[in-house]
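Structural description and commentary
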2 protein chains.
Amino acid sequence: MSRIITIGREFGSGGRELGRRLAEELGYAYYDQEIVTEIAQRTALSEAYVRQILEHKPVTAFPIRIGRTFTTVVNSQQEQWNDIFKQQYQILRELADTADCVIVGRCADWMLRAYQPFRIFVYADMEHRMQRCRQKGAEHEAMTDKELRQHIQEVDKHRASYYGYCTDQKWGDKANYDLCINTGLESVKEIAHHVAQYLKAWR
Amino acid sequence: MSRIITIGREFGSGGRELGRRLAEELGYAYYDQEIVTEIAQRTALSEAYVRQILEHKPVTAFPIRIGRTFTTVVNSQQEQWNDIFKQQYQILRELADTADCVIVGRCADWMLRAYQPFRIFVYADMEHRMQRCRQKGAEHEAMTDKELRQHIQEVDKHRASYYGYCTDQKWGDKANYDLCINTGLESVKEIAHHVAQYLKAWR
């Protein structure tokens with residue numbers, strides 16, 4: 001069976017960098033945005049649209065009374081979300097079947113639980129995450145501290161909500177992970193090196 | 001400033017073993033029951049009594065109306081708890097001032113926060129913890145699975161309650177730690193070796 005490493009992460013905590021570095025050190029494949037690209041190709045939807053759909057849980061459809069009968073408004077967003085989610089699940093399994101890999105996000109820790117992945121969660125305090133966002137992303141440069149803090153909190157809220165919807169588990173609850181790393185103390189490069197050494201001994 | 005490593009742990013997850021092994025690999029002092037022994041010596045109380053007091057938060061004293069005046073029943077248990085807690089705090093600071101060390105439990109991550117300790121939390125699923133208890137402790141041999149599970153849950157409940165009372169923080173919340181390790185996947189010996197390598201690069 002392939003060795004799968006999954007990475008859940010708070011926004012701005014360096015989860016992607018950790019994933020990339022781990023994959024490099026271990027010689028594993030690395031998947032993150034590539035999954036969105038693949039879904040877009042299979043569904044003929046734009047990457048931006050797929051990303052938007054995947055980042056939000058669908059709005060629930062409620063039954064509506066029409067005349068004397070009950071019917072349900074066909075929620076096309078729900079159906080599209082279901083289709084995209086199925087595609088994502090299929091792609092995750094194909095990747096897991098193909099080679100050892102590191103997968104960032106996508107509820108992969110839960111979706112691929114049958115593969116017994118090594119599940120990492122990365123977090124840091126708000127100050128470090130804001131600092132990291134400022135260093136990394138041009139898109140955050142124009143934001144005030146207050147706006148950036150709100151943005152970070154909103155992204156995490158979406159991730160928690162999406163993860164909860166898809167898995168019925170609590171996002172970031174350490175019980176669902178094998179290693180939870182605070183990236184506020186040490187460089188991600190240094191952390192990746194030591195985690196890679198640890199993972200070389202795994203299985 | 002000394003390097004302090006603190007270890008919080010779910011009962012049966014191997015926190016003590018990890019602490020001992022880390023101290024050995026790093027050449028640090030190791031403190032666990034030694035702190036109880038020192039408190040007992042300073043207060044002239046028995047170790048068993050000190051341990052019992054420290055493992056339970058004190059019962060709150062309520063004002064009682066006597067005649068027309070209000071008074072408070074002097075809660076000798078509360079006073080004794082306060083004295084022992086102060087002694088423990090004093091000893092923790094003395095140890096931290098003396099040499100690099102690993103401290104297991106005692107809310108040391110919070111009590112010594114001014115020393116910026118490296119804060120580890122160790123956990124595992126119930127099955128692994130029960131297995132570990134059976135392997136390690138003669139006292140658990142006579143227990144049925146149900147009794148052992150209840151015992152583990154009760155000890156953790158006390159730890160969470162005591163930690164919450166002393167620190168006003170949530171016990172086991174990853175935000176309060178730098179590294180949270182699930183010991184269910186790998187031997188504690190192996191984990192300790194890799195964490196020690198990581199800590200050698202710290203600061």
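Here goes a summary of the coordinates provided. These figures come from a predicted structure and were not determined experimentally. (Residues numbered from 1 in each chain as written. Chains lettered and ligands numbered in written order. Predicted model: local features only at pLDDT ≥ 70, side-chain atom pairs only at ≥ 80, totals over all residues. Heavy atoms only, no water.)

1. Some words on the overall build of chain A
When you go through chain A residue by residue, the secondary structure sums to eight helices and seven strands. Across the 203 residues of chain A, 48% fall into the buried class. Restricting the contact set of chain A to residue pairs at least 6 apart, pairs at least 24 apart contribute 71%. Carbon and sulfur atoms make up 49% of the accessible area of chain A, which amounts to about 10600 Å² in all. (Helix = DSSP H or I, 4+ residues; strand = E, 2+ residues; numbered from the N terminus. Buried < 20%, exposed > 50% of the residue type's maximum accessible area, 1.4 Å probe, protein only. Contact = heavy atoms within 4.5 Å. Areas by Shrake-Rupley, 256 points an atom, 1.4 Å probe, with all protein chains shown as cover.)

2. Observations concerning unusual backbone geometry
Residue and element names in this part refer to chain A. The backbone phi angle of Ala 44 is positive, close to 60°, even though this residue is not glycine. Topologically, Ala 44 is positioned in the loop between helix H2 (33-43) and helix H3 (47-54). Accessibility expressed as a relative area gives 72% for Ala 44, which makes it exposed.

3. Looking at the sheet that holds strand S1 (residues 4-9) of chain A
Strands in a sheet are paired, the pairing made by backbone hydrogen bonds, and the direction either parallel or antiparallel. Strand order across the open sheet formed by ten strands is S2(A)-S5(A)-S1(A)-S6(A)-S7(A)-S7(B)-S6(B)-S1(B)-S5(B)-S2(B), with mixed pairing between neighbours. Edge positions in the sheet fall to strand S2 (29-31) of chain A together with strand S2 (29-31) of chain B, since each of these pairs with one other strand and no more. The mean inter-strand angle of the sheet, taken between neighbouring strand axes irrespective of direction, is 20°. Strand direction decides the pairing type here: S1(A) and strand S6 (residues 118-123) of chain A, joined by five bridges, are parallel. For A:Thr6, the partnering residue across the bridge sits in S6(A) and is A:Arg119. Most of the contacts of helix H1 (residues 15-26) of chain B go to strand S1 (residues 4-9) of chain B, to which it runs at about 165°, and overall it touches S1, S2, strand S5 (101-104), strand S6 (118-123) and strand S7 (179-182) of chain B. (Pairing = 2+ DSSP bridges. Axes fitted to C-alpha atoms, helices over the stretch in contact; angles between N-to-C directions.)

4. Some details on the packing of aromatic side chains
In the structure shown here, the tally under the stated rule is twelve aromatic pairs over all chains. Considering the side-chain rings of A:Trp81 and A:Tyr165, the 5.2 Å spacing of their centres and the 85° angle between planes classify their relative orientation as edge-to-face. In this pair, A:Trp81 sits in helix H4 (residues 76-98) while A:Tyr165 sits in helix H7 (residues 145-167), placing the two residues 84 residues apart along the sequence. Measuring from centroid to centroid gives 5.4 Å for B:Phe121 and B:Trp171, while their planes differ by 80°, and the two rings are edge-to-face. Highlighted residues: B:Phe121 in strand S6 and B:Trp171 in the loop between helix H7 (145-167) and S7, separated in sequence by 50 residues. The burial state of B:Phe121 is the same as that of B:Trp171; both residues are buried. Here the aromatic cluster, defined as three or more aromatic residues joined through ring pairs, consists of A:Trp81, A:Phe85, A:Tyr162 and A:Tyr165. In this arrangement the basic side chain of A:Arg93 is found over the ring face of A:Tyr89, its NZ or CZ atom lying 4.4 Å from the centre. (Phe/Tyr/Trp six-rings, centres within 6.5 Å; stacked < 30°, edge-to-face > 60°. Lys NZ or Arg CZ within 6 Å of the ring centre and 35° of its normal.)

5. Here's the deal with the nonpolar core
In terms of nonpolar packing, the biggest core is built from 62 residues, with A:Ile35, A:Ile103, A:Leu112, B:Ile35, B:Ile103 and B:Leu112 touching the most fellow members. Setting aside residues no more than four positions away along its own chain, A:Ile35 makes contact with A:Gln88, A:Ile91, A:Leu92, A:Leu95, A:Ile103 and A:Arg106. Core analysis: the next-biggest nonpolar cluster, separate from the first, contains 44 residues, A:Ile181, B:Val104, B:Ile181 and B:Val188 among them. (Core = buried A, V, L, I, M, F, W, Y, C linked by side-chain atoms within 4.5 Å.)

6. Some details on the relation of the copies chain B and chain A
When chain B is fitted to chain A, the residual RMSD is 0.0 Å, and the transformation amounts to a turn of 180° plus an axial shift of 0.0 Å. The superposition of one copy onto the other is thereby described by a two-fold rotation axis. Identified as the residue of chain B closest to the rotation axis by C-alpha distance is B:Cys180, at 2.5 Å. A shared interface surface links the copies, since 100% of the contact residues of chain B are contact residues in chain A too. (Least-squares fit on C-alpha atoms with pLDDT ≥ 70 in both.)

7. With respect to the interface of chain B and chain A
With 23 residues of chain B at the interface, the matching set in chain A holds 23 residues. Surface buried jointly by chain B and chain A totals about 1900 Å² across both partners, of which 56% is contributed by carbon and sulfur atoms. Across the contact surface, chain B and chain A share eleven residue pairs in polar contact (both at pLDDT 80 or more). Counting residues per element, the side of chain B that touches chain A draws most heavily on helix H8 (residues 188-200) of chain B, at five residues. For the side of chain B that touches chain A, the per-class residue count stands at 13 nonpolar, four polar and six charged. Here strand S7 (residues 179-182) of chain A runs beside S7(B); their pairing, made up of three bridges, is antiparallel. (Buried area = accessible area lost by both parts, 1.4 Å probe. Polar contact = N/O pair within 3.5 Å; in protein donor to acceptor, adjacent residues only side chain to side chain. Nonpolar A, V, L, I, M, F, W, Y, C, P; charged D, E, K, R; others polar.)

Honestly, it's all geometry; don't read function into it.
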